[in-house]
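# Inside the fold
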Amino acid sequence: MDDLLFYGVLGVVLGGRLGEVLFYQPGYYFSHPLEILAVWKGGMSFHGGFIGVMVAMAIFARQRKIVWLQLMDFIAPLVPLGLGAGRIGNFINGELWGRPTDLPWAWCSPCG
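Quantities reported herein were computed from a predicted structural model and do not represent experimental measurements.

### Quick notes on the overall build of the chain
The secondary structure content of the chain amounts to five helices and zero strands. The order of helices and strands in the chain, counted from the N terminus, is α-α-α-α-α. For a compact globule of 112 residues, the expected C-alpha radius of gyration is about 13 Å, and the chain comes in at 17 Å, more than 25% above that figure. Along the first, second and third principal axes, the C-alpha set of the chain runs to 55 × 40 × 20 Å. For the chain, the residues scored as buried account for 22% of the 112 residues in total.

The following block contains the structure:
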């Protein structure tokens, strides 16, 4: 399980970052290649992370001689937990904004 988790995290981080670079801002990153490593400045792609995990699980399955589809069936129930953790992180960073409201239970992040 430790190795499976390690491969999954590696796939999410590397795939998410490469997805940001290739799908959203390739011109900028190809002209500033060292900025690709600057993950602290933000920029992760869900699509890239998804592809990264699929590739990482394929590598893991091949090394362990496991059927890839059976491995994917095993990790599929964990996906909502990962997506939820990502959304909580987006919420904490103030990245998920909506429209202003006067409802008493509404959240304002950041309020200004």
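Now that the structure is up, let's keep going.
### Re the side chain of S45
The topology assignment puts S45 in the loop between helix 2 (26-31) and helix 3 (46-64). S45 sits in the buried class, given a relative accessible area of 5%. Only 3.3 Å separates the side chain of S45 from the backbone nitrogen of H47, close enough to count as a polar contact. The residues touching S45, leaving out its near neighbours within four places in the chain, are G16, G19, E20, F23 and Y24.

### Points about the environment of W107
Within the secondary structure layout, W107 lies in the segment after helix 5 (79-92). Taking relative accessible area as the criterion, W107 reaches 61% and is therefore assigned exposed. Sequence-wise, W107 and F6 are 101 residues apart; in three dimensions their C-alpha atoms are separated by 35 Å.

### Structural notes on the packing of aromatic side chains
For any pair of aromatic rings, geometry is given as the distance between the ring centres together with the angle between the planes. The full count for this structure, using the stated rule, is four aromatic pairs. Between F6 and Y7, the aromatic rings sit 6.2 Å apart at their centres with planes inclined by 85 degrees, giving edge-to-face as the arrangement. Among the residues examined, Y7 registers a relative accessible area of 18% and is labelled buried. Ring centres of Y28 and Y29 lie 5.2 Å apart, and the angle between their planes is 75 degrees; on these two criteria the pair is classed as edge-to-face. Residue classification places Y28 among the partly exposed positions, given a relative accessible area of 36%.

Reading the values: rules and limits
- Residues numbered from 1 in each chain as written.
- Predicted model: local features only at pLDDT ≥ 70, side-chain atom pairs only at ≥ 80, totals over all residues.
- Heavy atoms only, no water.
- Helix = DSSP H or I, 4+ residues; strand = E, 2+ residues; numbered from the N terminus.
- Rg over C-alpha atoms; globule rule 2.2 N^0.38 Å.
- Buried < 20%, exposed > 50% of the residue type's maximum accessible area, 1.4 Å probe, protein only.
- Polar contact = N/O pair within 3.5 Å; in protein donor to acceptor, adjacent residues only side chain to side chain.
- Contact = heavy atoms within 4.5 Å.
- Phe/Tyr/Trp six-rings, centres within 6.5 Å; stacked < 30°, edge-to-face > 60°.

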